[in-house]
Each structure stands twice: as C-alpha cells, then as structure tokens.
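An overview of the molecular structure
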Protein chains: 2
Amino acid sequence: MPAKKILVVDDDVKTVELVKLYLERDGCTVLTAYDGLEALRTFRENHPHLIVLDVMLPGINGVEICRILRGESDVPIIMLTARTRDEDKLTGLDTGADDYVTKPFSPGELAARVRAIFRRLPAERGPTEITSGDIVMNFPKREVYLKGKPVSLTAVEFKILAAFLKEPGRVFDRVELIEKAFGYDFESYDRAIDVHVFNLRRKLEPDPKKPKYIRTVYGAGYKFAEA
Amino acid sequence: MPAKKILVVDDDVKTVELVKLYLERDGCTVLTAYDGLEALRTFRENHPHLIVLDVMLPGINGVEICRILRGESDVPIIMLTARTRDEDKLTGLDTGADDYVTKPFSPGELAARVRAIFRRLPAERGPTEITSGDIVMNFPKREVYLKGKPVSLTAVEFKILAAFLKEPGRVFDRVELIEKAFGYDFESYDRAIDVHVFNLRRKLEPDPKKPKYIRTVYGAGYKFAEA
DNA sequence: CAGGCTTAATAATTAGTTAATAATCTTGTG
DNA sequence: CACAAGATTATTAACTAATTATTAAGCCTG
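Here goes a summary of the coordinates provided. Counting of residues starts from 1 at the beginning of each chain's written sequence and follows it residue by residue. For this description, chains carry letters from A and ligands carry numbers from 1, given in the order in which they are written. Where totals are concerned, whole chains, interfaces and linings use all residues; where local detail is concerned, this predicted model gives features only for residues with pLDDT of at least 70, and gives and counts side-chain atom pairs only at 80 or more. To obtain the side-chain values, all non-hydrogen atoms of the structure were included, while hydrogens and water were left out.

All names here are of chain B. Note on pairing: DSSP must find at least two bridges between two strands before they are called paired. Where helices and strands are cited, they refer to DSSP runs of H or I of at least four residues and of E of at least two residues respectively, numbered from the N terminus. What the 4 strands build is an open sheet, ordered S6-S7-S8-S9; its pairing is antiparallel. Two strands bound the open sheet, and with one partner strand each, they are strand S6 (129-132) and strand S9 (149-151). When strand polarity is set aside, the average angle formed by the axes of neighbouring strands in this sheet is 25°. Note: strand S8 (residues 143-146) against S9, 3 bridges, orientation antiparallel. Opposite leucine 146, over in S9, you have lysine 149 as the bridge partner. Packing of helix H6 (residues 155-166) onto the sheet brings it into contact with S6, strand S7 (135-138) and S8, and relative to S7 it is tilted by some 110°. Throughout, a residue-residue contact means that at least one pair of heavy atoms, one from each residue, lies within 4.5 Å. To define axes, lines are fitted to C-alpha atoms, for helices over the stretch in contact only, and angles between the resulting N-to-C directions are given on a 0 to 180 degree scale. Sheet strands in contact with helix H8 (residues 192-204) are S7, S8 and S9, and its direction is about 50° off that of S8.

Okay, structure coming up:
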C-alpha cells in the first residue's frame, strides 16, 4: 500500500503532535494545520487522502470547514469533538464526515479508525482522471470537461457522475446513487436522483432527449454507456 | 427479497428495542440477546444474516464474541462502540467487523448501514455473469446477450430469465415465477407469466415455435433447458 | 439573496395485465 | 391406435398500471 497522506487539523499543538506520532507509526505521511484557513489551503495544495478535523478551531470552525471541503471533494473526514451530545454528532455526520471521535480520545483509537476507513475504501481508490467519450473527469481538481471545455457541476452531480464513470455499464439504482452522493442513505426521497440525472444530462448530453451517456434502465435505475 | 434475520446484541434493553423497531420497519426479522453467551447460542441456533454487536457486554465482551464468530462464520457484523478511552474497542475495529457505529447513534443511521451491507453483499458473493448456450446474463450491467449481441429485456423478463438461469433444469410453476419477478406475495393473475415467457422466447429463441431454452412443462410450468 | 437540493405535480413513456381466441397437449374410450 | 373432449398453453391486441422526464416552487444553507 502506498503511503497515505493525512492532514491533521487542530489548534492544540500537543494533540496534533500526538496524533502525528501515531499515524506515522502506521506508515502515513502527516500534514498539519492549526486553523481553518490553513487547513483549506493545505488541502487544496496537497490533496491528502484523509483529514482529521477538530470541530473547534479559531476562525472558521470545523463543521464549516467540513461543509466547504464536501463541496469540492469526497476526501474522507474524521471529526474530533469535545462535545458529547447526540445532536452534535448527527450534525457532524450530516455534514458529510465519515467518522466522529470525541475528545478525550486515545490516539491509538483514532489510528484504528483511520485504518478502518482505508480498509473499506479500496473500491473508491482509483485513477486521478477518467475519460469516456468527450467527457473527462479530473478528481484531484474536481473538474469535468466536455470536449475540452470545463463544465460546472454541483457536488452531488459530480459524485453521481463519478460513480457512473468508475463503473461504466453498471446499473445503479436510485438508492445506490444516493449512497454514492452522500455517505449513507438518510431515507431521502430517491426521486431527487431523477432531477440530478436530468440536470447532468442537460449539462453533458449533446441531445438530452436521446441520452448518449447516461442511459435510463427502466425499472432498475441508470447507467453510463460503455466505452 | 426474503426477510433478513438480524441478531441484535446489547445489554441495554432500551437500545435493543429501539434498534429492533427500526430494523423491523425495514422488514427485517430481529432476534435479540443481552449477553455474550446468549448471543452465541442464538447465533448458532438461528443463523442470522447479520449481527449488530455491542462492544461492552456482561460476561464475554463484544470483541471476544466477534472473534469467536469470525472463527465459525463470515456473517456480517456491525459493532456498536461506546465512546470511552478503553483500548479494547480498538481491537474490535481490527477484529473483522464489517462496519461499526459509535454510541450514541441514530437508529436511522444504523438501519441505513444495515441496508448498505445487504446491498453490497450479493454483489460480492453471487456470480456477476451467467452463461448458458448462446445466452449470457450480466447482472451488474443488467444486460443480456444472445450470441454476443445485446437483447433488450424488461425488468420482469430479466428477473424471470435470471431465475431460470440460476437453476437450469428446475421446473418453476407460475406462482414461483411471479415470486421471482417481484418480491414475494402479489396475487396477480398468473397467466401473465405466459405472456412474459412468450415475449422472452420471441427475443431469445432461434425458433420460438420450438423452444430450445425455455421449455414448457405441460401442467406444471416452465423450465430452462439444462446445459 | 443566491445556488443548489428537494419536493411535488403533471406530462410522457414504457411495461404489465387482462381477456379473447387459436393452437396444442393429455387422457379416456372405442 | 385413432379420436374427441377437456384441459392447458400460445398468441394477440386493447387496456391499465407503473415508471421516468420535465418543470416549477419551496427550503435550507452559506
């Protein structure tokens, strides 16, 4: 396994160093940031494989950082929080964090959770760029090009398209697409997917009435045309 | 889909009941156990399809249970880990659980993770493709090929053909085929199957008048010719 | 207050069932 | 062994139901 780059964000130097020590013992490369803005900058420059993010940060707080990151990437995020009430935890998960650890925590436990995330990730490991027909997706840049021209996709559209392009030809039902677009299915109305597909077609298809890329599989879901 | 049996193990009655409620709402059959020994006994007697297992249990703890279970089964396990600094849950994460949820958790989220595991499961287990004679079925792509050429089947036709190909030679009566084509139940006029078979033959048979694949078993039903 | 996600309503499309008739099979009988 | 009566299956097309596309309004978040 190639070494994983992990960004650890916390305003407490001792915490950062401790976590860094444990993660490096697992063979990870650790980047650090001590406030929200620095975290965003470091993320955009270095594209780490995972982020450990404290909720309470000077300046922009962790929840907000998480939302911003989710808008531009599906990098796994583990949130650190001192708060213990149920609703806080839910907010964190709704925001798109992949896991949640409360302070005080044992660094060993955090490292285990990092390993756990990487263990169930391999399906999502993939190339940095995928091309299919006139469509190019660049994952690190989170950009999509149609005939070389950039196309602006929303976060959800991007993730749905990514799911399609990673397994061309495979049929995804609506629940699967919701899972791909968010972490998990929170019983949202799956017809929302229809609208996202509609919008994706509008942005990508030469003739949205006769889709060439995103095909409807009646009674089953959608699939991306094979190469 | 046949109802899934799920074993929920936790010493806290309220937690068990809450989880049970949510899982049953998803159509699962829920078994319960309140300590490790009871969990093992219930597992061995009932062979549930999935286990939700609390880490902290009286007697044998969850991690140990998980290890024992792993020794005798690859049943999917979701661990419930309470938030403490205790290092034993760390071991739990590495013991072979398929997923884990930290307490306090929302029962809806747990149910979503259960659904996610069941959805992933058949993809990892069952064959991705079945071939018989000139017919090839590809499940992830939900496509059928006849002599290498794609044949367009409706949802019901696809499911009926899948039932045939999964058990070549077995005779299915009309009620069985209806059950395969939908999730059990549904009292519909079973002569509709005749029409589906007719349409399948039209699409697949070299000579629909003299079926080579889908044979009529007079007075009983239909069967797919054996290899 | 703007963008984006969801919801909801309705139009368009596709599939599934029913029902009627034709064809075929089974069995009992001469 | 041939044949007819009754039963079962094949075929067809009209009818009904289910699914998807499209549009627009509402809502939340930032």
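Moving on: the environment of tyrosine 218 of chain A. Mapped onto the secondary structure, tyrosine 218 of chain A falls in the loop between strand S11 (214-217) and strand S12 (221-224). Per-residue accessibility, obtained with a 1.4 Å probe over protein chains only, is compared with the maximum for each type, and a residue is labelled buried under 20%, exposed over 50%, and partly exposed between these values. Owing to a relative accessible area of 76%, tyrosine 218 of chain A belongs among the exposed residues under this scheme.

What follows covers the layout of surface pockets. Here a cavity denotes a set of grid points, spaced 1 Å apart and computed over the protein atoms alone, in which a 1.4 Å probe fits but from which it cannot get out, and a pocket denotes an open set meeting protein on both sides within 12 Å along at least five of seven lines; residues with an atom within 4 Å of a point are reported as lining. Grid points are joined across faces, edges and corners, and a volume is the space filled by probe spheres set on the points. Volume-wise, the second largest pocket comes out at about 300 Å³. If you list the elements that add at least two residues to the lining of the second largest pocket, you get S11 of chain A together with S8, S9 and H6 of chain B. For the lining of the second largest pocket, the per-class residue count stands at 9 nonpolar, 3 polar and 4 charged. Residue polarity is assigned by list, with Asp, Glu, Lys and Arg as charged and Ala, Val, Leu, Ile, Met, Phe, Trp, Tyr, Cys and Pro as nonpolar; anything else, Gly included, falls into the polar class.

Around DNA strand D sit 27 residues, and of these Arg67, Thr216 and Tyr222 of chain A together with Thr216 and Tyr222 of chain B come closest. Here the atoms of DNA strand D within 4 Å of the protein split so that 80% fall in sugar or phosphate, with bases taking the remainder. By the criterion applied in these results, polar contacts are pairs of N or O atoms within 3.5 Å in which, for protein atoms, one can donate a hydrogen and the other can accept it, and in which residues neighboring in sequence qualify only through two side-chain atoms. Interatomic distance of 2.5 Å between a side-chain N/O atom of tyrosine 222 of chain A and a phosphate oxygen of DNA strand D. Between a sugar or linking oxygen of DNA strand D and a side-chain N or O atom of tyrosine 218 of chain B, the distance comes to 2.7 Å. Considered class by class, the residues forming the surface near DNA strand D number 12 nonpolar, 4 polar and 11 charged. Note on definitions. A residue lies near a molecule or strand when any single heavy atom of the residue is within 4 Å of it.

Attention now goes to the pattern of salt bridges. Just to be clear on terms, a salt bridge is a Lys or Arg side-chain nitrogen sitting within 4 Å of an Asp or Glu carboxyl oxygen. On inspection of all chains with the given rule, the structure shows 20 salt bridges over all chains. With a shortest N-O distance of 2.9 Å, glutamate 167 of chain B and arginine 170 of chain B are connected by a salt bridge. Of the residues examined, glutamate 167 of chain B reaches a relative accessible area of 31% and is grouped as partly exposed. One continuous salt-bridge network, built from bridges that share partners, spans Glu167, Arg170 and Glu176 of chain A.

Turning next to helix H7 (residues 174-181) of chain B. All names here are of chain B. When we look at burial in H7, the residues that qualify are Arg174, Leu177, Ile178 and Ala181. The buried residues of H7 occupy one face: seen down the axis, they fall within an arc of 105°. Buried residues along H7 sit against H6, strand S10 (171-172), H8 and strand S12 (221-224). For H7, the capping residue at the N-terminal end is aspartate 173, with a side-chain oxygen 3.1 Å from the backbone nitrogen of valine 175. The reported arc concerns the directions from the helix axis to the C-beta atoms and nothing else.

Around DNA strand C, a shell composed of 17 residues is seen, among which Tyr189 and His196 of chain A together with Val156, Tyr189 and His196 of chain B lie nearest. In DNA strand C, atoms within 4 Å of the protein come from the sugar-phosphate backbone in 80% of cases. Residue threonine 154 of chain A places a side-chain N or O atom 2.8 Å away from a phosphate oxygen belonging to DNA strand C. The contact in question runs from a base oxygen of DNA strand C to an N or O atom on the side chain of tyrosine 218 of chain A, over 3.1 Å. Of all the secondary structure elements, the ones that give two or more residues to the surface near DNA strand C are helix H6 (155-166) and helix H8 (192-204) of chain A together with H8 of chain B. Across the surface near DNA strand C, the residue classes tally to 13 nonpolar, 4 polar and no charged.

Residue and element names in this part refer to chain A. Taken together, the 3 strands give an open sheet; going across it, the order is S10-S12-S11, and neighbouring strands pair in antiparallel fashion. The open sheet has two edge strands, strand S10 (171-172) and S11, and neither has a second partner. Two elements, S10 and S12, share 2 bridges in a ladder whose sense is antiparallel. The residue of S12 that forms the bridge with phenylalanine 172 is tyrosine 222. Along the sheet, H8 makes contact with S11 and S12, crossing S11 at roughly 145°.

On to H8 of chain A. Taking 1.5 Å per residue, 13 residues should reach 18 Å; H8 of chain A reaches 18 Å between its end C-alpha atoms and fits that length. All buried positions along H8 of chain A are accounted for by Ile193, Val197, Asn199, Leu200, Arg201 and Leu204 of chain A. Expected span, for any helix, means 1.5 Å times one less than how many residues it has.

All names here are of chain B. Orientation of helix H2 (residues 36-46) relative to helix H3 (residues 62-72), taken along the N-to-C sense of each, is 20°, at an axis distance of 10 Å. Regarding the angle of H2 to H3, the classification is roughly parallel. Between H2 and H3 lies a crossing whose hand is right-handed. Residues Gly36, Leu40, Phe43 and Arg44 of H2 touch H3, and the partners they reach there are Ile65, Ile68, Leu69 and Glu72. For the contact of H2 with H3, the residue count by class is 5 nonpolar, 1 polar and 2 charged. Any angle that is under 35 degrees is reported as roughly parallel, and any over 145 degrees as roughly antiparallel; angles of 65 to 115 degrees are reported as roughly perpendicular and all others as oblique. Handedness of a crossing is defined here by the sense of rotation of the near helix relative to the far one, left-handed for an anticlockwise turn of less than a right angle and right-handed for a clockwise turn.

Right, let's get into the packing of aromatic side chains. Working definition: a ring pair exists when centres of Phe, Tyr or Trp rings (six-membered ring for Trp) sit within 6.5 Å. Plane angles under 30 degrees give stacked, over 60 give edge-to-face, the rest tilted. Within the structure shown, the criterion is met by 8 aromatic pairs over all chains. Measuring from centroid to centroid gives 5.6 Å for phenylalanine 164 of chain A and phenylalanine 172 of chain A, while their planes differ by 75°, and the two rings are edge-to-face. Here the two residues phenylalanine 164 of chain A and phenylalanine 172 of chain A agree in accessibility, since each one is buried. We note arginine 25 of chain B situated over the ring of tyrosine 22 of chain B; from NZ or CZ to the ring centre the distance is 4.6 Å. A ring has a charge above it when a Lys NZ or an Arg CZ is no more than 6 Å from the ring centre and no more than 35 degrees off the ring normal.

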